[in-house]
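The lines below spell out each chain.
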Amino acid sequence: MRPIRVRIGVLGLALVAGLAAPTAATAAPEAGGAAPAPTVEERRLDGEVPREILRRSGFAAVAPAFARGLGRADSYREARRVVEREGAALWRRAVDRVQGRGPARGDLSRDDDRPLYWARLGMTRELRTWEPGFGLSERQRAALLTELERTSRGQTDLRLPRGGHGKGVKRVLLTGFDPFTLDRDIRISNPSGAVALALDGTVIDTADGPARVETAVFPVRWADFAEGTVERALRPYLPRVDLFTTVSQGRVGRFDVERTNGAWRGGFPDNDNVSRTETVPVADPASQPQWTTTTLPYAAITAADTGRFPVYDNTSVTEIPAGGDEPVVRPEGPTPGSTAREGGGGNYLSNEIAYRATLLRDRLGLHGTLPGGHVHTPVLQFGAGNTDPATGAVTDPGFVRNRLDIVAQTRAIVGVAVSAAGADRD
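Conventions used here
- Residues numbered from 1 in each chain as written.
- Predicted model: local features only at pLDDT ≥ 70, side-chain atom pairs only at ≥ 80, totals over all residues.
- Heavy atoms only, no water.
- Helix = DSSP H or I, 4+ residues; strand = E, 2+ residues; numbered from the N terminus.
- Rg over C-alpha atoms; globule rule 2.2 N^0.38 Å.
- Buried < 20%, exposed > 50% of the residue type's maximum accessible area, 1.4 Å probe, protein only.
- Contact = heavy atoms within 4.5 Å.
- Areas by Shrake-Rupley, 256 points an atom, 1.4 Å probe, with all protein chains shown as cover.
- Lys, Arg positive; Asp, Glu negative; His and termini not counted.
- Charge placed at Lys NZ, Arg CZ, Asp CG, Glu CD.
- Pairing = 2+ DSSP bridges.
- Axes fitted to C-alpha atoms, helices over the stretch in contact; angles between N-to-C directions.
- Expected span 1.5 Å × (residues − 1).
- Core = buried A, V, L, I, M, F, W, Y, C linked by side-chain atoms within 4.5 Å.
- Salt bridge = Lys/Arg side-chain N within 4 Å of Asp/Glu carboxyl O.
- Polar contact = N/O pair within 3.5 Å; in protein donor to acceptor, adjacent residues only side chain to side chain.

Trainee: Please explain the overall build of the protein as it appears in this structure.
Mentor: Check the secondary structure of the protein and you find 13 helices and 14 strands. Against the 2.2 N^0.38 benchmark of 22 Å for 426 residues, the protein shows a C-alpha radius of gyration of 21 Å, consistent with a compact globule. Counting only C-alpha atoms, the protein reaches 60 × 50 × 45 Å along its principal axes. Per-residue burial for the protein yields a buried fraction of 57% across its 426 residues. The long-range share in the protein, meaning contacts at least 24 apart out of those at least 6 apart in sequence, stands at 78%. Summing over all exposed atoms, the protein offers an accessible surface of approximately 16,100 Å²; the carbon and sulfur share of this is 52%. In the protein, 55 positive and 52 negative side-chain charges are present, and the distance between their average locations comes to 4 Å.

Rendered as structure tokens:
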């Protein structure tokens, strides 16, 4: 999730997770015109790899079944019911498959996040190109696409336990991302998405008591973020949780707890091959800070033995110093009055979701009471000998083992964070 220049290298750059241009914002014609064409992201469905992943996971029939449901809708209201029902069903089916409930319906390992991604794109393509007999306005199609995105990403399925802060079951909110950089290797999986599917609705036993984890995933598209998808999804829940963490894929062979997040978009192309180089667009830009900081218990997380990968407290940023005009790397964090060019997590969508979530925390007045921030997982690598995107297999034992290890270690990191945050409160 972090296109990082010299510090991470081309592989780290290629494997940074982000967010794609908002399907909901894609223009559709007024009633009577032709339906819009599929997006860049949706057109990748025609490749052999996506079809194989869908077939080997049992998800190949999802989009055709959705299309049939749409075809039976005779009004916008009925179409919305279909979208809400089928979007939510896709999320629950993906979670159930990863967590071992019900039949696997294919030989692809159950921990795989990719069936959800490709099946969702199949559904958005069907909805985007659908031409119902009753006519569909641009605004109505956009609203349906937005609802499909929200329901199929778990954003409407966040079920937090009742209770007050520090009482009973702790409440944790965690987010992941779609696969990305698919034009470099269309086989890519995103371990943060796998983490979200594996942990959704689960309970982690911690030294501070049980913690219930609720999760959602986000697209790798700049425009969705600019339209406020992160804030809409998280705002109702941050005042009610005991800890949150956004998660994405970062560097090879290591976890990073990102200390500082920057208000800058660095322009790396998203899943629709759109680039954005600008200040992160947020509401009330006049009060927008250049930097936000983690409130996760990073010292406890980095000191704990959570798994096979080392975990670092990453304090480095890139800034334009006050009064200067050239970017400077600051290993110990930003200096007063500086302008952001990279947070610890770079300047792609992983940095941006961390920036937005922590800015929202601060604007809600929760900086001193709510532990929250960003964790970068290791890059999910294929096994030895399966590194050529043109000829390699879509999965292998090393690939599965790496993903399972990353998921397990992220779970352990969350457990440590909850325990340490509880100790701090005491």
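Trainee: Would you mind showing me how to read unusual backbone geometry here?
Mentor: Peptide bonds are trans in most cases, and residues, glycine excluded, mostly fall at negative phi. Notably, Thr181 is not glycine yet its phi reads approximately 55 degrees, a positive angle. Locating Thr181 in the fold gives a position in the loop between β1 (170–177) and α8 (191–199). The backbone of Asn273 sits at a positive phi, close to 60 degrees, despite the residue not being glycine. With respect to the helices and strands, the residue Asn273 is situated in the loop between β7 (264–266) and β8 (277–279).

Trainee: Just to check I follow, could you spell out the sheet that holds strand β3 (residues 209–218) for this structure?
Mentor: By way of backbone hydrogen bonds, the strands of a sheet pair with one another, either parallel or antiparallel. If you walk across this open sheet you meet the seven strands as β2-β3-β1-β4-β14-β5-β10, and the pairing is mixed. Two strands bound the open sheet, and with one partner strand each, they are β2 (203–206) and β10 (311–314). Each neighbouring strand pair of the sheet contributes to a mean axis angle of 30 degrees, computed without reference to strand direction. With six bridges joining them, strand β4 (residues 243–249) and strand β14 (residues 372–377) adopt parallel strand pairing.

Trainee: Looking at this structure, how should I read helix α12 (residues 349–363)?
Mentor: Owing to its 3.6 residues per turn, the α-helix brings residues three or four apart onto one side. With 15 residues, α12 ought to run about 21 Å at 1.5 Å a step, and its terminal C-alpha atoms sit 20 Å apart, in line with that. Most of α12 is tucked away: 13 of the 15 residues are buried. Of the residues trailing α12, Gly365 is marked for its positive phi of about 75 degrees.

Trainee: Looking at this model, I keep getting lost on the sheet that holds strand β11 (residues 317–320). Mind explaining?
Mentor: The strand order β12-β11-β13 describes an open sheet built from three strands, whose pairing is antiparallel. Only two strands of the sheet have a single neighbouring strand rather than two, namely β12 (328–330) and β13 (339–342). If you compare each strand with its neighbour and ignore which way they point, the axes differ by 45 degrees on average.

Trainee: Looking at this structure, how should I read the pairing of β4?
Mentor: Walk down a regular strand and you will see the side chains alternate between the two sheet faces. The buried count for β4 comes to seven of seven residues, which makes it a mostly enclosed element. Examined bridge by bridge, β1 and β4 share four bridges and lie parallel to one another. Paired with Leu174 across the strands is Thr245, a residue of β4.

Trainee: What should I look at first to understand the nonpolar core in this one?
Mentor: One recurring pattern in soluble globular proteins: nonpolar side chains tend to sit buried together. In this structure, Phe66, Trp118, Leu127, Trp130 and Leu174 are the most contacted members of the largest nonpolar core, which totals 64 residues. Apart from the residues lying within four places of it in its own chain, the contact partners of Leu174 are Val195, Ala196, Leu199, Val213, Glu214, Thr215, Ala216, Thr245, Val247 and Val414. In this structure, Val241, Leu349, Ala357 and Leu366 belong to the second largest nonpolar core, which totals 24 residues.

Trainee: Explain the environment of Ala143 to me, please; I cannot follow it from the model alone.
Mentor: Of note, Ala143 is situated in helix α7 (residues 138–152). C-alpha separation for the pair Ala143 and Arg80, spaced 63 residues apart in sequence, amounts to 8.7 Å. Apart from residues no more than four positions distant in its own chain, Ala143 is found in contact with Tyr76 and Arg80.

Trainee: Mind showing me how you'd approach the pattern of salt bridges here?
Mentor: Side-chain pairs of opposite charge can arise whenever the charged atoms involved come near each other. Within this structure, the stated rule accounts for 38 salt bridges. The residue Glu84 makes a salt bridge to Arg80 at a minimum N-O spacing of 3.3 Å. In this pair, Glu84 and Arg80 are both assigned in helix α5 (residues 76–98), four residues apart and thus about one turn of the helix distant. Between Arg221 and Glu149 there is a salt bridge whose closest N-O contact spans 3.2 Å. Of this pair, Arg221 sits in the loop between β3 and α9 (222–226) while Glu149 sits in helix α7, placing them 72 residues apart in sequence. Classification of Glu149 by relative accessible area gives buried; the value is 8%. In the salt-bridge network here, residues are joined through shared partners; they are Glu41, Arg120, Glu149, Arg153, Asp178, Arg221 and Asp224.

Trainee: What exactly am I supposed to notice about the environment of Thr358 here?
Mentor: Here Thr358 lies in helix α12. The exposure class of Thr358 is buried, given its relative accessible area of 0%. When residues no more than four places from it in sequence are discounted, the contact partners of Thr358 are Phe244, Asn261, Thr292, Thr293, Gly372 and Gly373. Polar side-chain contacts of Thr358 include one of 2.6 Å to the side chain of Thr292. Polar contacts involving the side chain of Thr358 include one to the main-chain carbonyl oxygen of Tyr355, which spans 3.2 Å.

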